[in-house]
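# Per-entry structural report
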Amino acid sequence: MAMAEKDFVLSVEGLTVSFDGFKAVNDLSFYVEEGEIRVIIGPNGAGKTTVLDLICGRTQATEGSIKFRGKELTKMKEHSIVHAGVGRKFQNPSIYEDLTVFENLELSYPKGWTVFGALAFKRDEHVIQEVESIAKTIFLDEFLDKPAGLLSHGQKQWLEIGMLLIQKPDLLMLDEPVAGMSVAERKKTAELLNRITEGRSVIVIEHDMQFVEDIAHRVTVLHQGKVLSEGSMDRVKNDPNVVEVYLGH
Ligand code: ADP
Ligand code: MG
């Protein structure tokens, strides 16, 4: 690779994880740029979720390197990785159903970021502004006082994305964010993701090809823990290797 490391927010190199001898991720390398939306696709069991687990420190790598803004993540604990600026959404939303949308967002506001005495008194006001601004981004500004449990499935997914956004991650990772959503909700989610990439990169795992087409700057096709194909949606779609793997299922 002749490309300078600093051009990438995330550099994954030679990443391998072995579960009792089975390599779920096998000598995987890929690179994500700032402002990029990267979509990872691939058949079930390809290792997609495991890649996110490795990046966020939930699973220990057996071999290889994950560099995020120059920091080696494979040696860091999960909470330090969050603090370094990596946010991750899991497949099932983890929101507080009894609390309102406002309260859910407020709770996710990072604590201890305005500890300097002179700023402390401004904090409440600042938090309210942040919550309102994020609520707009996630199409929930009309529902701030609504208990989260009463939101639709899609709205709950957006709320959880908002709970990550309020922590201002430089890298946001989403595992199948539009599963179970209506077509209209999928369109809005694509719009949402396209709006939040300023100074930020996003990695999305997704099956819905229309959605992938709406958001992906580049697509990485994973198969048996390795990159099968990578590039623009058009390129990947027409790659005979990709066609074969998908038709073979
Ligand atoms: P995908 O998200 O692409 O469907 P996963 O990353 O969830 O695939 O899983 C890849 C493979 O690794 C699967 O065969 C799965 O059973 C296996 N796997 C994932 N996590 C573990 C684990 N903690 N222990 C053992 N095997 C696992
Ligand atoms: Mg998965």
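What comes next concerns the included structure.

Rules and cut-offs
- Sequence order as written defines residue numbering, which begins from 1 separately in each chain.
- Written order determines the labels here, with chains lettered from A and ligands numbered from 1.
- Since the coordinates come from a predicted model, pLDDT governs what is reported: local features require at least 70, and pairs of side-chain atoms require 80 or more to be given and counted, while whole-chain, interface and lining totals use all residues.
- The basis for the side-chain values is all heavy atoms of the structure; hydrogens and waters are excluded.
- Numbering of helices and strands runs from the N terminus; a helix is a DSSP stretch of H or I covering at least four residues, while a strand is a stretch of E covering at least two.
- With C-alpha atoms as the basis for the radius of gyration, the globule rule is written as 2.2 Å multiplied by the number of residues raised to the power 0.38.
- A simple rule labels every residue: compare its accessible area, found with a 1.4 Å probe on the protein chains alone, to the largest value its type can have, and call it buried under 20%, exposed over 50%, or partly exposed in between.
- By the convention used here, residues are in contact when the closest approach between their heavy atoms is within 4.5 Å.
- Working definition of accessibility: Shrake-Rupley area with a 1.4 Å probe, residue cover restricted to the visible protein chains.
- Two residue types count as positive, namely Lys and Arg, and two as negative, namely Asp and Glu; His and chain ends fall outside the count.
- Lysine's charge is taken at NZ, arginine's at CZ, aspartate's at CG and glutamate's at CD.
- Nearness here has a simple test: a residue counts as near a molecule or strand if at least one of its heavy atoms is within 4 Å of that partner.
- The definition of a polar contact used here is a pair of N or O atoms within 3.5 Å, where within protein one atom must be able to donate a hydrogen and the other to accept one, and adjacent residues in sequence count solely through side-chain atom pairs.
- In this count, Pro and Cys sit with the nonpolar residues alongside Ala, Val, Leu, Ile, Met, Phe, Trp and Tyr, while Asp, Glu, Lys and Arg are called charged and the others, Gly among them, polar.
- Here a crossover is taken to be right-handed if, once the strands point away from the viewer, the path from the first strand over the helix to the second is traced clockwise.

## Focus on the overall build of the chain
The helix and strand tally for the chain stands at 10 helices and 10 strands. Over its C-alpha atoms the chain spans a radius of gyration of 19 Å, differing by no more than 12% from the 18 Å that the globule rule assigns to 249 residues. Seen along its three principal axes, the alpha-carbon backbone of the chain occupies a region of about 55 × 40 × 35 Å. Going through the 249 residues of the chain one by one, you find that 50% of them count as buried. In the chain, 68% of the contacts between residues at least 6 apart in sequence involve partners at least 24 apart. Total accessible area computed for the chain in this model is approximately 12,500 Å², and 51% of it derives from carbon and sulfur atoms. One way to put it: in the chain the 28 positive side-chain charges average out to a point 2 Å from where the 38 negative ones average out.

## A short note on the site of ligand 1
Around ligand 1, the neighbouring residues are Phe19, Phe22, Ala24, Pro43, Asn44, Gly45, Ala46, Gly47, Lys48, Thr49 and Thr50. The separation between an oxygen atom of ligand 1 and a polar main-chain atom of glycine 47 is 3.0 Å. Contact distances for ligand 1 include 2.9 Å between an oxygen atom and a side-chain N or O atom of threonine 49. Against a free-state accessible area of 560 Å², the protein chains account for coverage of 57% of ligand 1. Taken together, the elements giving at least two residues each to the shell around ligand 1 come down to β2 (22-33) and α1 (48-55). Partitioning the shell around ligand 1 into residue classes produces 5 nonpolar, 5 polar and 1 charged.

## Focus: the pairing of strand β8 (residues 201-205)
Of all 5 residues that make up β8, 5 are buried, and the element is covered over most of its length. Where burial is concerned, the two faces of β8 agree: the one with Ser201, Ile203 and Ile205 and the one with Val202 and Val204 are both buried. Crossover strand β7 (residues 171-175) to β8 through helix α7 (residues 183-195) is right-handed.

That's the geometry; what it means functionally is another story.
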